[in-house]
Amino acid sequence: MSTMFGMAEHSPGAAIRAARSARGLSLRALAARLGVSPATMSAYETGRTPLTVDRLRDVAQLLDVPVTRLLTGDPAPAPGPVAPSGGDWRAFGELRLDP
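Predicted model, so just to flag it, every value in this text is computed and none were measured.

## A word on the pattern of salt bridges
Where charged atoms from two side chains of opposite charge come close, those side chains can pair.
So, point 1. A complete count under the given rule lists four salt bridges for this structure.
So, point 2. In this structure, R17 and E45 form a salt bridge, with 2.9 Å as the shortest nitrogen-oxygen distance. Here the residue R17 occupies a position in helix 1 (residues 12–22), and E45 occupies one in helix 3 (residues 38–46), the gap between them amounting to 28 residues.
So, point 3. With relative accessibility at 27%, the residue R17 sits in the partly exposed group.
So, point 4. On the basis of relative accessibility, which here comes to 0%, the residue E45 falls in the buried class.
So, point 5. Taking the shortest distance from any N to any O, the salt bridge between D54 and R57 comes out at 3.0 Å. One end of the pair is D54 and the other is R57, both in helix 4 (residues 53–63) and three residues apart, which spans about a single turn.
So, point 6. Look at D54 and you get partly exposed, because its relative accessible area is 46%.
So, point 7. What you see here is one network of salt bridges that share partners, running through R17, R20 and E45.

## Here we look at the packing of helix 1 against helix 4
So, point 1. Between helix 1 and helix 4, whose axes approach to 10 Å, the crossing angle comes to 20 degrees. Accordingly, the angle class assigned to the pair helix 1 and helix 4 is roughly parallel. Judged by the twist between their axes, the crossing of helix 1 over helix 4 is left-handed. Where helix 1 approaches helix 4, its residues P12, I16, A19 and R20 are matched on the opposing element by L56, V59 and L63.
So, point 2. A per-class count over the contact of helix 1 with helix 4 returns six nonpolar, no polar and one charged.

Rules of the game
- Residues numbered from 1 in each chain as written.
- Predicted model: local features only at pLDDT ≥ 70, side-chain atom pairs only at ≥ 80, totals over all residues.
- Heavy atoms only, no water.
- Salt bridge = Lys/Arg side-chain N within 4 Å of Asp/Glu carboxyl O.
- Helix = DSSP H or I, 4+ residues; strand = E, 2+ residues; numbered from the N terminus.
- Buried < 20%, exposed > 50% of the residue type's maximum accessible area, 1.4 Å probe, protein only.
- Axes fitted to C-alpha atoms, helices over the stretch in contact; angles between N-to-C directions.
- Parallel < 35°, antiparallel > 145°, perpendicular 65-115°, else oblique.
- Left-handed = near helix turned anticlockwise from the far one by under 90°.
- Contact = heavy atoms within 4.5 Å.
- Nonpolar A, V, L, I, M, F, W, Y, C, P; charged D, E, K, R; others polar.

Structure (structure tokens):
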């Protein structure tokens with residue numbers, strides 16, 4: 001199934017774009033870190049240029065996501081509350097406010 005821009009909904013390119021956006025990286029910034037042109041990075045994201053296994057691994061490392069997430073299109077886990085170690089997540093310490 002394709003989206004309005006011709007990308008498959010669960011393509012590695014769409015997953016790369018989603019992960020890049022979630023990290024707050026511009027296409028140009030990711031391209032520079034990867035050592036490719038912004039046009040090449042755009043072509044990866046839109047599916048016009050296929051990714052090699054090595055390139056996919058490099059992208060996953062730069063975006064700090066598992067390669068499988070880029071291949072399957074699984075969404076990034078939503079950040080949840082972090083429970084204090086060894087305690088109840090509902091227990092809050094004293095809140096000090098400076099006047």
